[in-house]
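Survey of secondary and tertiary structure
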Amino acid sequence: MSYIEAKVPPKREQRLGACNVYGGDGCGLKKSFGGCCLQQAKRGFGQGSICQLLPGTAIVNTISDAVVIVHGAIGCGGPGHTQNAGVRGTQMARGSTNPRGTLWLSTNLNERDVITGGEEKLEEAIRQADRRYRPSAIIVISSCVPGIIGDDIDAVTSRLQPEVAARLLPIHCEGFKTKIMATAYDAIYHSVARNLLDPEAETVSVIVDDIEVARERIRRSKLVNLLNVSSMGSVDEKELTRLLNGLGLEVQIFPCAAHPDDFRKVTEAALSISTCPTHDDYFVKHLQQQYGVPFVQRFMPIGIENTNQWLRAVAACFNLESIAEEIIARETAELRDALASLTPAFVGKKAMISAGEVRALSLGNLLQELGMEIVAVRPYHWDEFGETALDQLVANQVREPIINVATVHPYESVNLIGKTTPDIYFGHPSDSVWAAKTGIPTIPVYHGGYTYVGYAGAFEIARRAWRQLANPTFNHRLKQHVRQPYQAQWLAEHAFHYITEGDADGPY
Ligand code: SF4
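Small disclaimer: the values here were computed from a predicted structure and weren't measured.

Brief notes about the sheet that holds strand β11 (residues 373-379)
Across a sheet, strands are paired by hydrogen bonds formed along the backbone, either parallel or antiparallel in direction. A sheet is described by the order of its strands in space; here six strands give the open sequence β1-β12-β11-β10-β13-β14, paired in mixed fashion. Each edge of the sheet is formed by a strand with only one pairing partner; in this case those strands are β1 (22-24) and β14 (442-444). Averaged over all pairs of adjacent strands, the angle between their axes in this sheet comes to 15°, without regard to strand direction. Of the strand pairs in this sheet, strand β10 (residues 350-355) and strand β13 (residues 424-427) are connected by three bridges, and their pairing is parallel. Its bridge partner lying in β13, Met 352 is registered against Tyr 425. Across the face of the sheet, helix α2 (residues 26-34) comes into contact with β1 and β12 (402-405) while running at roughly 140° to β1.

Looking at the sheet that holds strand β6 (residues 223-228)
If you trace the four strands from one edge of the open sheet to the other, you get β7-β6-β8-β9, paired in parallel fashion. The two strands at the open ends of the sheet, each matched to only one other strand, are β7 (250-255) and β9 (295-296). Sheet analysis places strand β8 (residues 271-273) next to β9, joined by two bridges and oriented parallel. Within β9, the position partnered with Ile 273 by the bridge is Val 296.

What about the domain arrangement of the protein chain?
Each domain of the protein chain was delimited in the assignment, giving domain 1 (52-195), domain 2 (211-331) and domain 3 (341-491). A straight line from the C-alpha centre of domain 1 to that of domain 3 covers 33 Å. At the junction of the two partners, domain 1 supplies five residues and domain 3 supplies five residues. Partitioning the side of domain 1 that touches domain 3 into residue classes produces three nonpolar, two polar and no charged.

Points about helix α18 (residues 429-437)
Inspection of α18 places Asp 431, Ser 432, Trp 434, Ala 435 and Lys 437 among the buried residues, and these make up the whole buried set. Turning to α18, the residues buried within the fold contact β10, α17 (410-420), β13, β14 and α20 (473-481). Positioned one or two residues after α18, Gly 439 has a phi angle of 100°, which is positive.

Some details on the packing of helix α11 (residues 234-246) against helix α19 (residues 454-470)
Packed helix pairs are characterised by how far apart their axes lie and by the angle those axes make with each other. Taken N-terminus to C-terminus, the directions of α11 and α19 make an angle of 135°; their axes are 7 Å apart at the nearest point. Taken together, the axes of α11 and α19 are oblique relative to one another. Packed against α11, whose contacting residues are Asp 236, Glu 239, Leu 240 and Leu 243, the element α19 presents Gly 454, Ala 456 and Gly 457 at the interface.

Section: the site of the ligand
Looking at the ligand, the residues that line it are Cys 51, Leu 53, Gly 72, Ala 73, Cys 76, Ser 143, Cys 144, Glu 174, Gly 175 and Phe 176. Its residues placed into classes, the shell around the ligand shows six nonpolar, three polar and one charged.

So, the environment of Ile 188
In this structure, Ile 188 sits in helix α9 (residues 183-195). C-alpha of Ile 188 to C-alpha of Ile 141: the two residues are 47 residues apart in sequence and 9.0 Å apart in space. Apart from residues lying up to four places away in sequence, Ile 188 is in contact with Gly 56, Ile 59, Val 60, Ile 171 and Pro 255.

Focus: the packing of helix α3 (residues 53-60) against helix α4 (residues 79-93)
Two numbers describe how α3 lies on α4: the axes approach to 10 Å, and their chain directions differ by 40°. Considering the angle they form, α3 stands oblique to α4. Note on packing geometry: the crossing formed by α3 with α4 is right-handed. Judged by residue contacts, Leu 54, Thr 57 and Ala 58 of α3 engage Pro 79, Gly 80 and Gln 83 from α4. Here the contact of α3 with α4 is composed, by residue class, of three nonpolar, three polar and no charged.

Overview of the pairing of β6
The buried fraction of β6 amounts to five of the six residues, a majority that puts the element mostly inside the structure. One ladder, built from six bridges, connects β6 with β7; its direction is parallel. Counted as the bridge partner of Asn 228 is Pro 255 from β7. This β-α-β element, β6 to α11 to β7, shows right-handed connectivity. As paired strands, β6 and β8 are joined by three bridges and run parallel to one another. Of the residues in β8, the one forming a bridge with Val 224 is Leu 271.

About the criteria used
- Residues numbered from 1 in each chain as written.
- Predicted model: local features only at pLDDT ≥ 70, side-chain atom pairs only at ≥ 80, totals over all residues.
- Pairing = 2+ DSSP bridges.
- Helix = DSSP H or I, 4+ residues; strand = E, 2+ residues; numbered from the N terminus.
- Axes fitted to C-alpha atoms, helices over the stretch in contact; angles between N-to-C directions.
- Contact = placed C-beta atoms within 7 Å.
- Domains from an automatic or database assignment.
- Nonpolar A, V, L, I, M, F, W, Y, C, P; charged D, E, K, R; others polar.
- Buried ≥ 20, exposed ≤ 12 C-beta atoms within 10 Å, placed from the backbone.
- Parallel < 35°, antiparallel > 145°, perpendicular 65-115°, else oblique.
- Near = placed C-beta within 6 Å.
- Left-handed = near helix turned anticlockwise from the far one by under 90°.
- Right-handed = clockwise from strand over helix to strand, strands pointing away.

The following block contains the structure:
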């Protein structure tokens, strides 16, 4: 049975054996993952993590002409506030002169609802949303409380669908169900596949590796799906669209900022192009198996060689290799000239990175290309998709980087910073704030307003790193005026002291 036939998608721990506990070297990580030991690994102490509702709302809040109902306690919808500016920016970048921002409601479940059930509140919220806003879709995203008390959001949406004009999309995103927040990507793609794609669309019986079937479809069209689950801002989308247009391809972007009615077009494309396997593998495999749309899925096009390989892989599907080589030669020559005055500042500099698995490793590849040494990488989780980039990262250095698989956990990060003394730290704000307080310059590993991918992204990251390294005064002063919550006793302790199972070897 296909995953999509079930109401609820599997969590990443089940589907991919993903885990988020490890401290040691790359070789040990691969060995533990291959031997399935990592799935038993635990932390005796945890400090801060990310629930899957955060990336979940980051995607659904961008869907145009839709209302999001966060079914749960009121605080679960909180990320909607921080996502508002980014959503408005995307709407403006797509041509809106009157950006609406996020439009989300909450069923605001309380103690009484925990006893009596929350389905009535959800029904009322759906009716209100349909009546007040007349959206094309109402997205019901379920958080922990309904999952614990047993509210059946699929039954509620099926029951109400005939009464309302909007398409109803139930999404199971209960934070307590998984430690791997990337499960949210599957949850959203699962609901899109079940509710927004046309089951009558032309299907092609295809075996995954049937190149001839794939080629036939590719010959019929040069329309491609570029997938973005909110890990690229408009400027990143623009950079990749520019490169794909250079190959003569027409680009349509899903799922972020797409209109609910447009999702059916995803099955008409000649190729799906993933920007990250952690994000898209659930969906691209479904599109191939159900609709015969082949896919390209490599690691992120962050870094010069990663971008070259990403572009070559796409071009190979259309027999456009020679055009791709022309683009690569032109772009890398321009980039080399642009970087010439910046790279001397990176020689001998040590960097530490904390981010989603594929993003952290791909960024590490770029920083090595710029001349830096990676002293530690902290992927948020680990599964099979990180292996190629990890091998590359390890092979490119004399001294192996430390690998700390952790969804944030700043106490491990601050400990490692003390042991490895990086010159610069790349992370999301929830990580970087702790690094900044130790006095080292930081750079956001993602921000919707900056370019990270492609050749433009390589230059932008280099330019920002150069500026931070040239003037770290802010962080030096910050260190003098803030107090870290960690005591000397912890900072002298083994960084992976609380990792009670799995491989925690190493002189850290
Ligand atoms: S962990 Fe559960 S209760 Fe907390 S924000 Fe996530 S979904 Fe809501």
